[in-house]
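The primary structure of each chain is shown beneath.
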Amino acid sequence: MRRPAHVTSGRYAPPPAGRELVAVSADGARLHVEVHGDEGAPPVVLSHGWTCSTAFWAAQIRDLARDHRVIAYDQRGHGRSPAGRWYSTAALADDLLAVLDATLAPGERAVVAGHSMGGMTIMAAAGRPGFAERVAAALLCSTGSSRLVAEALVLPVPAGRARTRITGAILASRAPLGPVTPVGKRVLRYATMGPAATPDQIEACARIVHGCPTGVRHAWSQVLAGLDLEAGLAALTVPTAVIGGTEDRLTPILHARALAAALPDCTGLTELPGMGHMTPIEAPDAVIRVIRELAARRPAQHRPDTPQAAPKEKTP
């Protein structure tokens, strides 16, 4: 199992996990899971986005683990989760439910936060019975439910077929990103971050994104290109908050506004001026604040203090 790429010092360096385990998804895919904080504390589950890893949530993990049990996992093919045989929104939902089943005690419900593809994971799983049983509230961060390629603003040209076609080709490229270089960081900053991004934030994002395997990046890009999760959005009936950056080129702020308008129980839309797509790193405190507000609004249940409530650690 490979070690994911990330910075090793500063706020964006991931803290060591208190416990690690493997959750096994419906098709046998193995998912690397980390648990941080007190095992008896209320749970928060973090689902990262395309080309990222658990390291993406370093700032949130470090803060929330002071008084929550923070569960973070690598999406299939990312970080320390091996590549799976299948890539689809159904696989995203299966994987999240496998993590919830492996880490939550019977009757326990978590606040679940998803960034980008992680938010799409939440929408994909929302209609599943296991989701309603396991989730108390949700955060959709820098994400969208459909028309991702057509509405992306990576290319500074008017909307239309040509922009959609070229944007799709760029996002689906099989070209390796290569090592982290000044040029690579400038390209990443333009495409995914706002103008106020700091050098340490850019470095943290570049190391994570450039560490994603090329084949995995391409496979998930094909899923995102055809994304349609409108039905899942309608089924997301738990209290749900939305966050978006006003300078997001990958999922422009119009996506966040549309999600907030369509959600059955939206607790609020937070628009972050000047922020791009990587909001958990660009605006870590704002994301932490919203997660804490969700936990306080509808606290996740504590793990019952009984032997029967021990977490289920799945192994093949």
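Residues numbered from 1 in each chain as written. Predicted model: local features only at pLDDT ≥ 70, side-chain atom pairs only at ≥ 80, totals over all residues. Heavy atoms only, no water.

So, the pairing of strand β7 (residues 240-245)
1) Next: Taking burial as the measure, the 6 residues of β7 include 6 buried ones, the bulk of the element.
2) Next: Alternating positions in β7 separate into two faces, Thr-240, Val-242 and Gly-244 on one and Ala-241, Ile-243 and Gly-245 on the other, with burial throughout.
3) Next: As judged from the 4 bridges shared by strand β6 (residues 135-141) and β7, these two strands associate in the parallel manner. When the sheet's bridge partners are listed, Leu-139 is paired in β7 with Ala-241.
4) Next: The pairing of β7 with strand β8 (residues 266-272) spans 6 bridges and is parallel. Across the sheet, Gly-244 pairs through a bridge with Glu-271, a residue of β8.
5) Next: Each parallel crossover has a hand, and for β7 linked through helix α11 (residues 253-262) to β8 it is right-handed. (Buried < 20%, exposed > 50% of the residue type's maximum accessible area, 1.4 Å probe, protein only. Helix = DSSP H or I, 4+ residues; strand = E, 2+ residues; numbered from the N terminus. Pairing = 2+ DSSP bridges. Right-handed = clockwise from strand over helix to strand, strands pointing away.)

Focus on the confidence of the model for the protein chain
1) Next: Taken residue by residue, the protein chain gives an average pLDDT of 92. The fraction at 70 or more is 93%.
2) Next: In the predicted structure, residues 306-316 sits below a pLDDT of 50 and forms 28 contacts with residues beyond four places in sequence or in another chain. (pLDDT = per-residue confidence, 0-100. Contact = heavy atoms within 4.5 Å.)

Here we look at the side chain of His-210
1) Next: Within the secondary structure, His-210 is located in helix α8 (residues 199-210).
2) Next: The class of His-210 is buried, set by a relative accessible area of 15%.
3) Next: Excluding residues that lie within four positions of it along the chain, His-210 makes contacts with Leu-177, Gly-178, Pro-179, Val-180 and Gly-184.

A word on unusual backbone geometry
1) Next: Even without glycine at this site, Ser-116 takes up a positive phi of about 55°.
2) Next: The topology assignment puts Ser-116 in the loop between β5 (110-115) and α3 (117-125).
3) Next: A relative accessible area of 9% means that Ser-116 is categorised as buried.
4) Next: Of note, Ser-142 is a non-glycine position whose phi angle comes to about 50°, a positive value.
5) Next: Along the chain, the position of Ser-142 falls in the loop between β6 and α5 (148-151).
6) Next: Here Ser-142 falls in the buried class, since its relative accessible area comes to 1%.

Quick look at the sheet that holds β6
Strands in a sheet are paired, the pairing made by backbone hydrogen bonds, and the direction either parallel or antiparallel.
1) Next: Pairing in this open sheet of 8 strands is mixed, and the strands run β1-β2-β4-β3-β5-β6-β7-β8 from one edge to the other. The two strands at the open ends of the sheet, each matched to only one other strand, are β1 (19-24) and β8. In this sheet, neighbouring strand axes are inclined to one another by 20° on average, regardless of whether the strands run parallel or antiparallel.
2) Next: Sheet analysis places strand β3 (residues 43-47) next to β5, joined by 4 bridges and oriented parallel. Within β5, the position partnered with Ser-47 by the bridge is Gly-114.
3) Next: The strands touched by α3 are β3, β4 (69-73), β5 and β6; relative to β5, the strand with the most contacts, the crossing angle is about 130°.
4) Next: Sheet strands touched by helix α13 (residues 284-297): β3, β5, β6, β7 and β8. Its angle to β6, the strand with the most contacts, is close to 160°. (Axes fitted to C-alpha atoms, helices over the stretch in contact; angles between N-to-C directions.)

With respect to the packing of aromatic side chains
1) Next: Tallying each qualifying case throughout the model produces 2 aromatic pairs.
2) Next: When the ring of Phe-56 is compared with that of Trp-57, the centres are 6.3 Å apart and the planes differ by 85°; the resulting orientation is edge-to-face.
3) Next: A residue is classified by how much of its surface remains accessible, and Phe-56, at 1% relative accessible area, is buried.
4) Next: The interplanar angle of 90° and the centroid separation of 5.1 Å between the aromatic rings of Tyr-87 and Trp-220 together place this pair among those described as edge-to-face. Of this pair, Tyr-87 sits in the loop between β4 and α2 (89-103) while Trp-220 sits in helix α9 (residues 214-225), and the two are 133 residues apart along the sequence.
5) Next: The buried category is assigned to Trp-220, whose relative accessible area is 0%. (Phe/Tyr/Trp six-rings, centres within 6.5 Å; stacked < 30°, edge-to-face > 60°.)

Remarks on the packing of α2 against α3
1) Next: Running from N to C, α2 and α3 cross one another at 85°; their axes reach a closest spacing of 8 Å. Relative to α3, the element α2 lies roughly perpendicular. Here α2 contributes Thr-89, Leu-92, Ala-93 and Leu-96 to the contact with α3, which in turn contributes Met-117, Thr-121, Ile-122, Ala-124 and Ala-125.
2) Next: When the residues that make up the contact of α2 with α3 are grouped by side-chain class, the tally is 7 nonpolar, 2 polar and no charged. (Parallel < 35°, antiparallel > 145°, perpendicular 65-115°, else oblique. Nonpolar A, V, L, I, M, F, W, Y, C, P; charged D, E, K, R; others polar.)

Structural notes on the packing of helix α7 (residues 182-192) against α8
1) Next: Taken N-terminus to C-terminus, the directions of α7 and α8 make an angle of 95°; their axes are 10 Å apart at the nearest point. In terms of orientation, α7 lies roughly perpendicular with respect to α8. On α8, the residues touching Gly-184, Lys-185, Leu-188 and Arg-189 of α7 are Ile-202, Glu-203, Cys-205, Ala-206, Val-209 and His-210.
2) Next: In the contact of α7 with α8, the residues fall into 5 nonpolar, 2 polar and 3 charged.

Observations concerning α3
1) Next: Judged by how many residues are buried, α3 sits mostly within the fold: 9 of 9 residues are covered.
2) Next: The complete set of buried residues in α3 reads Met-117, Gly-118, Gly-119, Met-120, Thr-121, Ile-122, Met-123, Ala-124 and Ala-125.

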